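Listed below are the residues making up each chain.
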Amino acid sequence: MNAPVSQESFRALLRSQKVWDVALPVFDAARAPAAPLPLFHAWFAEAVAAGQAEAHTMGLATVDDAGLPDVRTVMLHDADAHGWHFASHAGSAKGRQLAARPEAALHFYWPAQARQIRVRGRVTEAPHHEALADLHARSTGALAAALVGRQSEVLSGEGELASASTDAWERAAAEPDADAASWTLYVLDPVEVEYFQGDARRRHVRLRYRRDAEREGWVRELLWP
């Protein structure tokens, strides 16, 4: 068991943490593209080049039946003209929440360059064959995890998980094209995308893309930090 930390020690440790202790890029919002997707592709590539760990992970926020927000970290599977893609089991907590209220928000944080991206929109399910194609293009471990299933259910003990995981790994290795019936690929079609570039003097640049139905395109607007 870890040694307890006093409230005073925790607070001192918290306040001693540095923010963006690196040289920060300059973001000229006036030169940003007319639509948000090309900028996402560019920023993602720059994050990877800057050594950002796990740049493909993101926060996914949903709402439960009681109207309470829920959030977790998931992996980005694609970002294209249809939207931002992620996957999960349909019976998981997020799967059930999205079935009931198919709206969500995504959040990327790349401290290597003091950048954040926020995406909001409606979520749809891709056809199952697309979910399987996406799954089978990934690692044996990804397939094994999908085959285990039962995500978010109560677990009786570590032994139950170990047994199910071993069986799933063996099946994934023997059947690399195995079907995971509840595995679902979700696509978030954005109505709003915000790009945040941190600044050492706190003159942060916030550029929001907002979908305009009347213009059938995107409105770009700067926000106060």
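Residues numbered from 1 in each chain as written. Predicted model: local features only at pLDDT ≥ 70, side-chain atom pairs only at ≥ 80, totals over all residues. Heavy atoms only, no water.

Visitor: Looking at this structure, how should I read the pattern of salt bridges?
Guide: As enumerated under the stated definition, the model contains 12 salt bridges in all. A salt bridge links Glu-194 to Arg-206; the shortest N-O distance between them is 2.6 Å. You can see Glu-194 sitting in strand 7 (residues 183–197) and its partner Arg-206 sitting in strand 8 (residues 205–212), a full 12 residues away along the chain. Side by side, Glu-194 and Arg-206 carry an identical accessibility label, which is buried. Across the salt bridge formed by Glu-221 and Arg-210, the nearest N and O atoms sit 2.8 Å from each other. (Salt bridge = Lys/Arg side-chain N within 4 Å of Asp/Glu carboxyl O. Helix = DSSP H or I, 4+ residues; strand = E, 2+ residues; numbered from the N terminus. Buried < 20%, exposed > 50% of the residue type's maximum accessible area, 1.4 Å probe, protein only.)

Visitor: Would you mind going over the environment of Leu-222 with me for this structure?
Guide: By secondary structure assignment, the location of Leu-222 is in strand 9 (residues 217–223). The class for Leu-222 is exposed, based on a relative accessible area of 61%. Separated by 134 residues in the primary sequence, Leu-222 and Ser-88 have C-alpha atoms spaced 34 Å apart. Among all residues touching Leu-222, those that are not within four sequence positions of it are Ala-29, Val-205, Arg-206 and Leu-207. (Contact = heavy atoms within 4.5 Å.)

Visitor: I would appreciate a short explanation of the side chain of Arg-206 in the present structure.
Guide: A polar contact of 2.6 Å, which involves the side chain of Arg-206, links it to the side chain of Glu-194. At a separation of 3.0 Å, a polar atom in the side chain of Arg-206 contacts the main-chain carbonyl oxygen of Trp-224. With sequence-adjacent residues up to four places away left out, Arg-206 is seen in contact with Arg-118, Glu-194, Tyr-195, Phe-196, Glu-221, Leu-222, Leu-223, Trp-224 and Pro-225. (Polar contact = N/O pair within 3.5 Å; in protein donor to acceptor, adjacent residues only side chain to side chain.)

Visitor: Got a minute to help me understand the packing of aromatic side chains in this structure?
Guide: The geometry of two aromatic rings is summed up by the distance between their centres and the angle between their planes. Under the criterion given, the structure shown has 12 aromatic pairs. Their ring planes at 50° and their centres at 6.2 Å tell us that Trp-20 and Phe-196 sit as a pair that is tilted. With a gap of 176 residues between them, Trp-20 in the loop between helix 1 (7–15) and helix 2 (36–49) and Phe-196 in strand 7 connect regions that are remote in the sequence. The buried category is assigned to Phe-196, whose relative accessible area is 11%. Relative to Trp-218, the ring of Tyr-209 lies with its centre 6.5 Å away and its plane at 85°, an arrangement referred to as edge-to-face. A network of ring pairs unites the aromatic residues Phe-27, Trp-43, Tyr-195, Tyr-209 and Trp-218 as a single cluster. Note that Arg-115 overlies the ring of Trp-43, its terminal NZ or CZ placed 4.0 Å from the centroid. (Phe/Tyr/Trp six-rings, centres within 6.5 Å; stacked < 30°, edge-to-face > 60°. Lys NZ or Arg CZ within 6 Å of the ring centre and 35° of its normal.)

Visitor: Teacher, can you tell me more about a nonpolar patch on the surface here?
Guide: Nonpolar side chains collect at one region of the surface, where Val-5, Phe-10 and Leu-14 lie side by side and expose about 310 Å² of accessible area between them. Assignment of secondary structure puts Val-5 in the segment before helix 1. (Patch = residues over 30% accessible without salt bridge, like charges linked within 9 Å, V, L, I, M, F, W, Y side chains within 5 Å. Areas by Shrake-Rupley, 256 points an atom, 1.4 Å probe, with all protein chains shown as cover.)

Visitor: I would appreciate a short explanation of unusual backbone geometry in the present structure.
Guide: A negative phi holds for most residues other than glycine; trans holds for most peptide bonds. The phi dihedral of Trp-20 is positive, around 55°, even though this residue is not glycine. The exposure class assigned to Trp-20 is buried, which follows from its relative accessible area of 17%. A positive phi angle, close to 55°, is found at Ala-114, a residue other than glycine. On the secondary structure map, Ala-114 appears in the loop between strand 5 (103–110) and strand 6 (115–125). When its relative accessible area of 0% is taken as the criterion, Ala-114 is described as buried.

Visitor: Whenever I open this one, helix 3 (residues 93–100) confuses me. Can you help?
Guide: Residues spaced three or four apart along an α-helix face the same direction, because each turn holds 3.6 residues. Taken together, the buried positions of helix 3 are Ala-93, Lys-94, Gly-95, Gln-97 and Leu-98. Against strand 1 (57–63), strand 2 (69–75), strand 4 (83–89), strand 5, strand 6 and strand 7 lie the buried residues of helix 3.

Functional significance is not addressed by these values, which are geometric in nature.
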